[in-house]
Each structure stands twice: as C-alpha cells, then as structure tokens.
Amino acid sequence: MSTYLYDKALLEKIQNWTSTTGLHVYGVDETRQLWETMIDDSGKDEPISFPFITLNRNLGFEIVNDGTTKRPLSYDGYTKDVNFDKKISTVINEIPVSLTYQIDVFTRYAKEAEILAKNLVFNIVNYPALEIEITKVNIPHTAVIELDDQIEDSSHISEVFVRGNFTRLTMRVVIPDAHLFDVRELHNVELDFRINDKYEP
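Because the structure is a prediction, the values reported are computed rather than measured. (Residues numbered from 1 in each chain as written. Predicted model: local features only at pLDDT ≥ 70, side-chain atom pairs only at ≥ 80, totals over all residues. Heavy atoms only, no water.)

**Some words on the pairing of strand β9 (residues 129-134)**
Only one face of β9 is buried: it carries Leu 130, Ile 132 and Ile 134, and the other face, with Ala 129, Glu 131 and Glu 133, is open. With six bridges connecting them, β9 and strand β10 (residues 139-144) associate as antiparallel partners. Across the sheet, residue Ile 132 finds its bridge partner in β10, namely His 141. From the end of β9 to the start of β10, which pair antiparallel, there are four residues, and Lys 136 there has a positive phi angle of about 80°. (Buried < 20%, exposed > 50% of the residue type's maximum accessible area, 1.4 Å probe, protein only. Helix = DSSP H or I, 4+ residues; strand = E, 2+ residues; numbered from the N terminus. Pairing = 2+ DSSP bridges.)

Structure, rendered in structure tokens:
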C-alpha cells in the first residue's frame, strides 16, 4: 500500500509551514488516537496544549478510472536497476487513486484559528506540489494538493473535548493524482542472435 507515503509527505509539508510557530501537528495515525490527554515518553499524562493542527484521512480511497486501471510505469521510462549479471530488472506498476484529507485547526480563540487557517489556505494554494519518493527504488513522484471551497467552523462538533473550550476550523484537501505503487523484481529474457557474415549464392 502506498497511501502512507502521501500521509507522511503531507504531514511533513504542514510541519514545515508551521515550524516557526511552535504548534504541534498531529499526523493521520496520531489523530486517530487523540484524546483529552496524551502520554509522553516518561509515561506521565500531559494535557494537550492549544493551538494544534490535526491531519486525518479515511482509510478508504477512490480508484481513478482513466481507462488504464493498471499501467506499467517501466514502459514510460521507469525501468530501475537492470542487473545483467543476475538477469533481473526492477519494474514499477501503478494504479491512480484519489485521497481525501481533513485538516482541523484547534485554538482557544476564534481570531487565532482564523489566522492559522488563513496561512494554511495561502500555503496550499500557492504551494500545491507534494513530493514523495517511491520506496525500494527511490524514484521521486510529484502530486498536487487541491483545497475544498469550504472552510467550516466545526467547534460544535465535540469528539474528545468539552464543548465551548476551543475553536475548531475544518478544511478538506484532495490529492486527485495519487498512486498505488507495486515494485517487483522480474527476470530478464535473454535473446541469442547469431549473424552469419558469409554470403553463399
């Protein structure tokens, strides 16, 4: 499964944007386990501090039907590590999918939430490229982040906190050109050609 590559890349992109603010950004796996308190490495309960951002994604995904459900990228120039001694080539196949994420901004005050959400919107719109690296072969792949039109006030939706104690703004982004990658080693086919340079009428 390749979807976690996009989870990691999107998390790191948001963390890079917010690196000077001091706020924490929770990734997809962390968000699913997010409760009123967190456990630090020493085993001591530590209250969650505002502001923070959460990144969440439904475990499902949409297969993009573009007429080529499975395409061998190797035929488009992605044949990796042809080993003539072992007669093995590394071949990459891919299936196009679309991934949908939810980004939540949690703060104590509404003004602070609006400022953080505004900065995220500008960054996503101005820098939509998402760089990942296909594992095992270290080939780069670039996808695009698309921002949904609606930024919603979801402060009333209290999943793990007490209502009224925070402001929560929600935005959704889609990666419409994500891919599932399949990396395999295949044996090369060896052809033996013999040319007779003598002409006999």
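**Concerning the pattern of salt bridges**
Under the criterion given, the structure shown has four salt bridges. Salt-bridge contacts for Arg 172 lead to Glu 152; the nearest nitrogen and oxygen are separated by 3.5 Å. Residue Arg 172 is located in strand β13 (residues 167-187), and its partner Glu 152 is located in strand β12 (residues 152-153); the two are separated by 20 residues in the primary sequence. The class for Arg 172 is partly exposed, based on a relative accessible area of 30%. (Salt bridge = Lys/Arg side-chain N within 4 Å of Asp/Glu carboxyl O.)

**Remarks on the environment of Tyr 109**
Of note, Tyr 109 is situated in the loop between β8 (88-107) and α3 (110-126). With relative accessibility at 61%, the residue Tyr 109 sits in the exposed group. Distance from Tyr 109 to Thr 167, taken between C-alpha atoms, is 5.9 Å for residues 58 residues apart in sequence.

**Concerning α3**
Here α3 spans 24 Å end to end across 17 residues, near enough to the 24 Å set by a 1.5 Å rise per residue. For α3, the full list of buried residues reads Ala 113, Leu 116, Ala 117, Leu 120, Asn 123 and Ile 124. Looking straight down α3, one finds that the buried residues subtend no more than 125° of arc, so they occupy a single side. Facing away from the buried side of α3 by over 90 degrees, the exposed positions are Lys 111, Glu 114, Phe 122 and Val 125. (Expected span 1.5 Å × (residues − 1). Arc of directions from axis to C-beta.)

**Let's talk about the nonpolar core**
Membership of the largest hydrophobic core comes to 38 residues, with the highest contact counts inside it found for Tyr 6, Tyr 101 and Ile 103. Put simply, the parts of the chain that give this core at least two residues each are α1 (3-17), β4 (52-57), β8, α3, β9, β10 and β13. Looking at this core, the element that brings in the most residues is β13, giving eight residues. Every residue in contact with Tyr 6, bar those within four places of it in the chain, is listed here: Leu 99, Tyr 101, Leu 130, Ile 132, His 141, Ala 143, Ile 175, Asp 177, Ala 178, His 179 and Phe 181. (Core = buried A, V, L, I, M, F, W, Y, C linked by side-chain atoms within 4.5 Å. Contact = heavy atoms within 4.5 Å.)

**Overview of α1**
Helical geometry note: an α-helix holds 3.6 residues per turn, so side chains three or four residues apart project in the same direction. Given a rise of 1.5 Å per residue, 15 residues ought to cover 21 Å, and the 22 Å separating the end C-alpha atoms of α1 matches this to within 8%. Those residues of α1 lying buried are Thr 3, Leu 5, Tyr 6, Asp 7, Ala 9, Leu 10, Leu 11, Lys 13, Ile 14 and Trp 17.

**Considerations on the confidence of the model for the chain**
When the pLDDT values of the chain are averaged, the result is 78; 68% of them are 70 or greater. Mean pLDDT across the secondary structure elements of the chain bottoms out at strand β2 (residues 37-39), with 46, and peaks at strand β11 (residues 146-147), with 96. Scored below 50 in pLDDT, residues 36-41 makes twelve contacts in the model with residues more than four places away or belonging to other chains. (pLDDT = per-residue confidence, 0-100.)

**Side note on the side chain of Thr 18**
Checked against the element boundaries, Thr 18 lands in the loop between α1 and β1 (24-26). Look at Thr 18 and you get buried, because its relative accessible area is 9%. Setting aside residues no more than four positions away along its own chain, Thr 18 makes contact with Leu 23, Val 25 and Ile 53.

**Side note on the packing of aromatic side chains**
In total, this model carries five aromatic pairs according to the counting rule given. Centre to centre, the rings of Tyr 26 and Phe 52 are 5.5 Å apart; their planes meet at 90°, and the pair counts as edge-to-face. With Tyr 26 in strand β1 and Phe 52 in strand β4, this residue pair connects regions lying 26 residues apart in the sequence. The same class applies to Tyr 26 as to Phe 52, namely buried. Where Phe 50 meets Phe 52, the ring centres are 5.5 Å apart and the plane angle is 40°; that geometry is what we call tilted. Three or more aromatic residues link up through ring pairs in this structure, and these residues are Tyr 26, Phe 50, Phe 52, Phe 106 and Phe 166. (Phe/Tyr/Trp six-rings, centres within 6.5 Å; stacked < 30°, edge-to-face > 60°.)

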